[in-house]
Amino acid sequence: MPVKRRVNFLVASRVWAAEPAHESLVENVATSLFNRIRSSWEFRECESFGRLSKRAKILNLKSQEVWVKEVIKNLSEFRNRRIAPKLLSLLWLFAIAWVGFLWNLGNIGLVDETEPLFAEAARQMTVTGHWITPYFNGETRFDKPPLIYWLMAVAYRTLGVNEWAVRLPSALCAIGLTCLGFYTLWKEEGRRKKEEGRRKEEEGRRKKEEGHDTDSDTDTRMNVTVFPPSVSDSPTLPLSPSPRLPLFFSTPWIGAALIALNPQTIAWGRTGVSDMLLVSCMCSALLAFFLGYTLEEQREKAEFSTVSASRFPNKWYLTFYVLIALAILAKGPVGIVIPALIVGSFGLYLGNFRQLWREMRPVSGILIILAIALPWYILVILDNGQTYIDSFFGYHNFQRFTGVVNKHSAPWYFYFFVVLVGFAPWSIYLPVAIARTRFWQRSYWRRQPRSAQLSLFALFWFGCIFGFFTIAVTKLPSYVLPLIPAAAILVTLLWSDIIAGNEPENRRIKLEKKPNSLPRGLLVTYIFNVIFLLIVAGATFYCYNWLGDDPAMPNFPQAIQQSGLLIVGGAIWIITAVAIALLLWQRQQRWILVANLIGLVAFIIFGLTPAYKLVDINRQLPLRQLAQVAVQQKLPGEEFIMVGFWKPSLVFYTQEPVTYYRAVTKAIDYIKEAQNQTSPSVLLLGYPEKFVQLGLQPNQYQLLDSRGAYQLARVPRQAFR
């Protein structure tokens, strides 16, 4: 649309608002111009006009004034849309995704003991075509629902059966969660800019009232007709001029980095298990809830009464229900219990639970969840009966919460250390971020608009998950993985407030007024940041003393010490700590965040990734090599037996059933009493000392190969009689 036509339309609409006496005349002009805009090919093709037309059809507007305001708003969005920041943001998200989740994703083998269980169960689905009941090594596997197996099976069909396909669903889930977190924080940044512009306009208006502006009415009218409407007339128009911060200091950029680049998310986003799938579905559902929560407020302000009266919830609430259903298919009832606990407690705290209940349309939501998640549960129960109910709901859900399962017990304070290390180095700032929410000021939060309650919602998100799994008796580090995005949002909002100086009115007096400085209350946190990184550096230098407990890689401590990776990793953290101390000394605190991020990324690239490769060479590579030898040497009908330990990766890499016995005596009894003796010998894999415990002499078996800590041999059955 030509610039002249757009300016004329803005001028006419402003004159209309300034001169009520000419309302009818200007209304006709505005209507005519609006119709011409609608017929303009260029404007019809832009996204803003599409949204405007959709809104107009829904509203069935009666007043041309609302039409004019909507056009002004959408024209302003279209006129001020900049392409470069969006492209840079996409590149930033791609860089985060590549470093955190995609780089070297399939370059190491499956890690025993959990990852191969999922990989092989998904492979057997593709082989047998049985998509309802998961199987591993010829036995049912009721630990987890099937969604992760289905996704892996699709990846197998697309990429082949390999490590990349096993881990790709987890990586994509982590990337999707990061992108949705970026979008949510982008909306939050827009809200804060609007609030800042509104505050500056109020300050300007107050100065005018105090006599600082002596312009005449004529001059004021001339200014009004030349420039676009003020922020109060159109909240989406450009704000008052303010110092522009670098793009990498923006809230969504910081938030995306913190959500993705932390030890917990990186570890589980690169592992082929169901944990990241659950976290992505559950946390994306919570983000969708908050977006729907704020959308209802926007509709109320815009008087979207016809939409609010719909039988179905808004699009983000619908997304919330769909993601909850997928979370149930990812890991069971926990996928709905925890989000319900978070949303319910959040609504009760703010006193708007009944309103939430009405606008979320829970009946429709429950029907959506049941339609997506229930069919598989019905089919698997029909297929397996009470066995599945007792195993999945009884053992893997209820008993994990009320009792210790698989010896995974820990003290009540276990998750404090998990969050400290798993969210490092950002966890250092988490206590300050929580304290800055002032969650005890309930009356303050109840007065705030919904769009300003993201930090409070993130706090409930964090607190409910932390408390729920602290109460649970069985404890694993991965259980609190769903609170990491909430912690990232809290710390992100803390840093964005500090960097931009956007403090609420009732708290702004507590900040320092010096440029590039932060509240003195954070000084202790900065110092602890330096101390923590020095402790991590020291632990990195000397960790080889703690790595000799795994009998599968007895030579790993010497190997990693000789590789020099510990020196590189420790040096990175020392340099980062020194850089933070210098920035603090120079009062450049806003760059502390960047220093932490650079240090973490450097450690991932030059320390952690090579260490993963070294672990694979010492721990998993020998098993893969022996699996290839076993496939080549296995005779028809010969049974493959592993004694003394449980390494399910053998099943995946041999694609053959493997019999496991931890106790040597049970293995001997099984070989002696085996009914199906179709072969006079068995393939036996174990540590060399296990062969001695089996009572075998070197001349009683044929050693086929020896790799790492293992040896593979063909043993005649007569040797055990």
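Note that the coordinates shown come from a computational prediction; the quantities given were computed from them, not determined experimentally. (Residues numbered from 1 in each chain as written. Predicted model: local features only at pLDDT ≥ 70, side-chain atom pairs only at ≥ 80, totals over all residues. Heavy atoms only, no water.)

So, the overall build of the protein
Move 1: Across its full length, the protein carries 31 helices and 7 strands.
Move 2: The buried share of the protein, reckoned over its 721 residues, is 52%.
Move 3: Expressed as a percentage of contacts within the protein between residues at least 6 apart in sequence, the contacts between residues at least 24 apart total 78%.
Move 4: Here the protein displays about 34,500 Å² of accessible surface, and carbon together with sulfur accounts for 61% of that area. (Helix = DSSP H or I, 4+ residues; strand = E, 2+ residues; numbered from the N terminus. Buried < 20%, exposed > 50% of the residue type's maximum accessible area, 1.4 Å probe, protein only. Contact = heavy atoms within 4.5 Å. Areas by Shrake-Rupley, 256 points an atom, 1.4 Å probe, with all protein chains shown as cover.)

Some details on the pattern of salt bridges
Move 1: Using the criterion set out here, one finds 13 salt bridges in the structure.
Move 2: Across the pair Lys 647 and Glu 113 runs a salt bridge whose closest N-O atoms are separated by 3.1 Å. Taken as a pair, Lys 647 in the loop between strand E3 (639–643) and helix H29 (649–654) and Glu 113 in the loop between helix H6 (83–102) and helix H7 (115–128) lie far apart in primary sequence, 534 residues in all.
Move 3: Glu 113 sits in the partly exposed class, given a relative accessible area of 30%.
Move 4: Between Arg 450 and Glu 359 there is a salt bridge whose closest N-O contact spans 2.6 Å. Note that Arg 450 is positioned in the loop between helix H22 (442–447) and helix H23 (454–471) and Glu 359 in helix H17 (residues 353–360), a separation of 91 residues in sequence. (Salt bridge = Lys/Arg side-chain N within 4 Å of Asp/Glu carboxyl O.)

Considerations on empty space enclosed by the protein
Move 1: Throughout the structure, instances matching the rule amount to 1 cavity of 30 Å³ or more.
Move 2: Of the volumes computed, that of the largest cavity is approximately 50 Å³.
Move 3: The set of elements that each furnish at least two residues to the lining of the largest cavity consists of H6 and helix H28 (592–633).
Move 4: The leading source of residues in the lining of the largest cavity is H28, at 4 residues.
Move 5: The residue makeup of the lining of the largest cavity, split by class, is 5 nonpolar, 2 polar and 1 charged. (1 Å grid on protein atoms, 1.4 Å probe; cavity = no way out; pocket = protein on both sides within 12 Å on 5 of 7 lines; lining within 4 Å. Points joined across faces, edges and corners; volume = space filled by probe spheres on them. Nonpolar A, V, L, I, M, F, W, Y, C, P; charged D, E, K, R; others polar.)

Let's talk about the pairing of strand E6 (residues 702–707)
Move 1: Sheet analysis places E6 next to strand E7 (residues 710–716), joined by 5 bridges and oriented antiparallel. Directly across from Ser 706, in E7, lies its bridge partner Gln 711.
Move 2: Once E6 ends, the chain turns through 2 residues before running back antiparallel as E7, passing Gly 708 with a positive phi of about 60 degrees. (Pairing = 2+ DSSP bridges.)

A look at the nonpolar core
Move 1: Formed by 148 residues in total, the largest nonpolar core has its most connected members in Phe 289, Phe 320, Trp 461, Phe 462 and Phe 469.
Move 2: Among the elements that make up this core, the one with the highest residue count is helix H13 (residues 275–301) (16 residues).
Move 3: The residues contacting Phe 289, other than those within four sequence positions of it, are Tyr 317, Phe 320, Val 343, Phe 346, Leu 356, Met 360 and Phe 457.
Move 4: Judged by nonpolar contacts, the second largest core, of 22 residues, contains Leu 626, Phe 645, Val 651 and Leu 683. (Core = buried A, V, L, I, M, F, W, Y, C linked by side-chain atoms within 4.5 Å.)

Digging into the sheet that holds E7
Move 1: The sheet built from 5 strands is open, its strands ordered E4-E3-E5-E7-E6 with mixed pairing. The strands lining the two open edges of the sheet, one partner per strand, are strand E4 (659–661) and E6. In this sheet, neighbouring strand axes are inclined to one another by 20 degrees on average, regardless of whether the strands run parallel or antiparallel.
Move 2: H28 rests against E3, strand E5 (681–686), E6 and E7 of the sheet, and its axis sits at about 25 degrees to E7.
Move 3: In this fold helix H30 (residues 664–673) packs onto E3 and E4, with an angle of close to 160 degrees to the strand it touches most, E3. (Axes fitted to C-alpha atoms, helices over the stretch in contact; angles between N-to-C directions.)

A closer look at the packing of aromatic side chains
Move 1: By the definition in use, this model includes 45 aromatic pairs.
Move 2: Taking 5.5 Å as the distance between ring centres and 35 degrees as the angle between the ring planes, the aromatic pair formed by Phe 469 and Tyr 479 counts as tilted. Taken together, the residues span a long stretch of sequence, with Phe 469 in helix H23 and Tyr 479 in the loop between H23 and helix H24 (484–500) at a distance of 10 residues.
Move 3: Three or more aromatic residues joined by ring pairs make a cluster, and in this case those are Phe 289, Phe 290, Tyr 293, Tyr 317, Phe 320, Tyr 321, Phe 346, Tyr 349, Phe 457, Phe 460 and Trp 461.
Move 4: Residue placement shows Arg 141 over the ring face of Phe 118; its charged tip is 4.6 Å from the ring centre. (Phe/Tyr/Trp six-rings, centres within 6.5 Å; stacked < 30°, edge-to-face > 60°. Lys NZ or Arg CZ within 6 Å of the ring centre and 35° of its normal.)

Structural notes on the packing of helix H15 (residues 315–331) against H17
Move 1: With their axes 10 Å apart at the nearest point, H15 and H17 run at an angle of 85 degrees to one another. Considered as vectors, H15 and H17 are oriented roughly perpendicular to each other. For the pair H15 and H17, the contacting residues are Tyr 317, Phe 320 and Tyr 321 in the first and Leu 356, Glu 359 and Met 360 in the second.
Move 2: Tallied by class, residues from the contact of H15 with H17 come to 5 nonpolar, no polar and 1 charged. (Parallel < 35°, antiparallel > 145°, perpendicular 65-115°, else oblique.)

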